[in-house]
Number of protein chains: 2
Amino acid sequence: GSYIVMKMWNFLEKAWQIGVNDPKKFIHCLKVGIALCFVSLFYYMRPLYDGVGGGNAIWAVMTVVVVFDYTVGSTLYKCGNRVIGTTLAGLLGIGVHWIASHSGERLEPIILQASVFILASATTFSRFIPSVKARFDYGAMIFILTFSLVSVSGYRVDELFELAHQRIATIAIGTALCILVSMLICPVWAGTELHNLTTKNMSKLADSVEGCVEEYFKSVEDEKSASKKIIGVRCVLNSKASEEAMANFAIWEPAHGNFNFGHPWKRYLKVGASMRSCAYCIETLNCTINGADASEIPDFLKNHLSGACTNLSSCCANVVKELANMVKSMRITSTSKVDLLIEDMNTAVQELQDSLKSFPNPSTISTENENVNQSTAETKPIHLMQIVPLLTTTSLLIEIAARIENLVED
Amino acid sequence: GSYIVMKMWNFLEKAWQIGVNDPKKFIHCLKVGIALCFVSLFYYMRPLYDGVGGGNAIWAVMTVVVVFDYTVGSTLYKCGNRVIGTTLAGLLGIGVHWIASHSGERLEPIILQASVFILASATTFSRFIPSVKARFDYGAMIFILTFSLVSVSGYRVDELFELAHQRIATIAIGTALCILVSMLICPVWAGTELHNLTTKNMSKLADSVEGCVEEYFKSVEDEKSASKKIIGVRCVLNSKASEEAMANFAIWEPAHGNFNFGHPWKRYLKVGASMRSCAYCIETLNCTINGADASEIPDFLKNHLSGACTNLSSCCANVVKELANMVKSMRITSTSKVDLLIEDMNTAVQELQDSLKSFPNPSTISTENENVNQSTAETKPIHLMQIVPLLTTTSLLIEIAARIENLVED
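Nothing here was measured: the structure is a model prediction, and the numbers come from that model.

**Student:** Would you explain the overall build of chain A in this entry?
**Tutor:** The helix and strand inventory of chain A stands at 16 helices and 0 strands. For chain A, with 410 residues in total, the buried portion stands at 52%. Sequence separation of 24 or more characterises 80% of the internal contacts of chain A that already satisfy a separation of 6 or more. Accessible surface for chain A amounts to roughly 18,700 Å². Of this, 62% is attributable to carbon and sulfur atoms.

**Student:** Whenever I open this one, helix H6 (residues 104-126) of chain B confuses me. Can you help?
**Tutor:** An α-helical turn contains 3.6 residues, so a residue and the one three or four places further along point in the same direction. Taking 1.5 Å as the rise per residue, H6 of chain B with 23 residues should run 33 Å; its terminal C-alpha atoms sit 32 Å apart, in good agreement. For H6 of chain B, every residue scored as buried is listed here: Leu112, Gln113, Ser115, Val116, Ala120, Ser121, Thr123, Thr124, Phe125 and Ser126 of chain B. Buried-residue contacts for H6 of chain B involve helix H1 (2-21) and helix H2 (23-44) of chain A together with helix H5 (72-101) and helix H7 (130-152) of chain B.

**Student:** Explain the packing of H2 of chain A against H6 of chain B here, please?
**Tutor:** When two helices pack together, their arrangement is given by the angle between the helix axes and the distance between those axes. Look at H2 of chain A against H6 of chain B: their axes get within 8 Å of each other, and the N-to-C directions meet at 145°. Along this stretch, H2 of chain A crosses H6 of chain B, giving a crossing that reads as right-handed. Taken together, the residues of H6 of chain B that come into contact with H2 of chain A (itself represented by Phe26, His28, Cys29, Leu30, Val32, Gly33, Ile34, Leu36, Cys37, Ser40, Leu41 and Tyr44 of chain A) are Pro109, Leu112, Gln113, Val116, Phe117, Ala120, Ser121, Thr124 and Phe125 of chain B. Of the residues in the contact of H2 of chain A with H6 of chain B, the class split is 15 nonpolar, 6 polar and no charged.

**Student:** Got a minute to help me understand the confidence of the model for chain A in this structure?
**Tutor:** Close reading of the predicted structure is inappropriate where its pLDDT is low. Residue and element names in this part refer to chain A. Taken over all residues, the pLDDT of chain A has a mean of 75, while the share at 70 or more is 72%. Per-element mean pLDDT across chain A ranges from 39 in helix H15 (residues 362-368) up to 88 in helix H5 (residues 72-101). For residues 361-386, every residue scores under 50 in pLDDT, and the model assigns this stretch 40 contacts once sequence neighbours within four places are set aside. Across the predicted assembly, pTM comes out at 0.81 and ipTM at 0.80.

**Student:** I would appreciate a short explanation of helix H4 (residues 57-67) of chain A in the present structure.
**Tutor:** With respect to burial, H4 of chain A is a largely interior element, 10 of its 11 residues being buried. Within H4 of chain A, the full set of buried residues consists of Ala57, Trp59, Ala60, Val61, Met62, Thr63, Val64, Val65, Val66 and Val67 of chain A.

**Student:** Quick question: what am I supposed to make of the side chain of aspartate 137 of chain B here?
**Tutor:** Residues and elements named next belong to chain B. Mapped onto the secondary structure, aspartate 137 falls in helix H7. Exposure remark for aspartate 137: the relative accessible area of 17% places this residue in the buried category. Side-chain polar atoms of aspartate 137 contact the side chain of arginine 127, separated by 2.9 Å. Apart from residues lying up to four places away in sequence, aspartate 137 is in contact with Tyr77, Asn81, Arg127 and Val132.

**Student:** Sorry if this is basic, but what is going on with unusual backbone geometry here?
**Tutor:** The general pattern is negative phi for most residues beyond glycine and trans for most peptide bonds. All names here are of chain A. Despite not being glycine, cysteine 186 has its phi angle at roughly 35°, a positive value. Mapped onto the secondary structure, cysteine 186 falls in the loop between helix H8 (157-184) and helix H9 (190-217). Looking at cysteine 186, the relative accessible area reads 44%, which means it is partly exposed.

Here is what the cut-offs are and how they apply
Residues numbered from 1 in each chain as written. Chains lettered and ligands numbered in written order. Predicted model: local features only at pLDDT ≥ 70, side-chain atom pairs only at ≥ 80, totals over all residues. Heavy atoms only, no water. Helix = DSSP H or I, 4+ residues; strand = E, 2+ residues; numbered from the N terminus. Buried < 20%, exposed > 50% of the residue type's maximum accessible area, 1.4 Å probe, protein only. Contact = heavy atoms within 4.5 Å. Areas by Shrake-Rupley, 256 points an atom, 1.4 Å probe, with all protein chains shown as cover. Expected span 1.5 Å × (residues − 1). Axes fitted to C-alpha atoms, helices over the stretch in contact; angles between N-to-C directions. Left-handed = near helix turned anticlockwise from the far one by under 90°. Nonpolar A, V, L, I, M, F, W, Y, C, P; charged D, E, K, R; others polar. pLDDT = per-residue confidence, 0-100. Polar contact = N/O pair within 3.5 Å; in protein donor to acceptor, adjacent residues only side chain to side chain.

If you want it as structure tokens, here you go:
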């Protein structure tokens, strides 16, 4: 008994924490409640109820439940899809109904069934096409739904017109209410969320580059904060799906805050892809560092490179941080500052290459520590293994920095 | 005019190609059509139509459209969620309605509104909790929908019982039909799809390891096939979301083919994660190879390592291919063969390390090619940069192979 209570309590505490970490989620829940209460007023106020044809008020409630979503963009996307899908399907359904009712009693059900079969199959297929899926997946479902309801229902055409009129009115009421509530009460813009995610990921990337190298050379005291920084890179790796969804929804949003209508949302995806290819490198580097036993490498070799490596990683982090700042504030003017930082980074790369060149010769080491039978010779490749991915990361970072530079025209 | 026609034609051709590449998609579309035609028979056959209370037949059609999905697993997931959500919400709604109708005319709308507000907000919040979202996201939406419809509609409680009875009957008919059609006509099992995706990704991984190294050492004639192999790694990187979705749906599926109920689907996610961490390495290696100008490196250096590298990469590929075969056929017996291949791989690693040790000394090279003023000295780090990520990949591959070995208890 108490075990289950404990589990329940833990579960609720965790759930509560989700909301505390992001109060917008609490607000969203209240918004859903508000929208539903508003729409259910249609049931309580007789004149309103009769105005939309009684039982059809169901469709307003249904629209609110189905369409209301976390961000303004996704709400607008669903509203647009629902309206377009319903209208198209309604018109087509009435047309098919008219044809069927004029072609005799025997042909009527056949025509209706055939039209449902063909249109449902074709629309289902269109949902497999990536470009349609991204923009009209929901609309396609609503189209199939409305079309089969209209064409199958046994009404006469003039009754159908009235029905369609009422249905569209209720859906319009539902969508209008959703749009108003989602845009007026603490709106969560998909575009802003995407923007914030991008800048947050950039600074996580910067932190993890630094943290990774710092942890290896143990120049940092508290290991916990370093490994926490490294975990940040996982977030960058896993944010592809949410980035794409948000960019899709952001297209539907009107101008808000600093974002105009037609803001280049696609660019965020490109930047995201660049960040991810950078994150792959860091993840690899991180695995290598954790895999190889650091204590195996003689300290003097480590110290030889420690300075240049730490310097380089902080230079890289500075470039990415500056880019994050630029994206955050959407300034274009300070490109020169980034250029400066990139130059710093390039000199740091050169420095590291120089210190590699002056690296104690493998043969020299072997003779030096002959007594440590063969172990040093073995550590040599391992050691290089640890240091060279860093170079890889750097060169990639440079490439990425250059690529992002091109993209920073926001 | 003709430009638009051309565009349309291209679009249709592309769409058609999607279906040709995966005929199951065509079949799915036909299945949707069949299910809808079946369910619409309720409208045409008077006795059936009257049996479920006339207008309520709408709910059967709606259920089919909304619930029917590509894989059996997702159809079952939606059916289960819909039934659970509707039943719970219906019972709760009737309860609240009963309380409200017994507490006076003034309190009634307040109680109803308050219950809608509270339950809708709470249920919406539960959808943010990852474990709830994974299993009951759709059910939560249906719960809100049904609850607000029931509690808001102005019926008396005895009428409500009849309504609920009919509603549940129509939904049951819809879900049963969906389940039958999706399971009997060319079923697409989420579990099988996940299984196939995993094995396909494994062989793509193997190909890309080989292709990457082959392309670098140009031991392959047609470059196109090599770069095509490398693209495979992108598929591995991007398949996280679909893997998770399929593993979620696969839980709902009954035993089929070689998969028993309670098949360890979670393991596929672990294997997928290991494969992805491997793919990160390959992607990094690939970037490095493409980034550095291969022509800068003197051929004799390249030839020195070419043999060992190619050997190692094919050993790695063999291990992964064998693992793919094992997963494909779900054999446990041949673990010894994998062990053998891993041993091969380890000796190949040793070999590569040996040839690195006997690598011409940087200082020696510099003196050898003094006339090529400094350029050779500069290429040294670049060259190492290219060769060492391969070692990284290898060591990671070994780690992964060991990890997968533990997992191969399917």
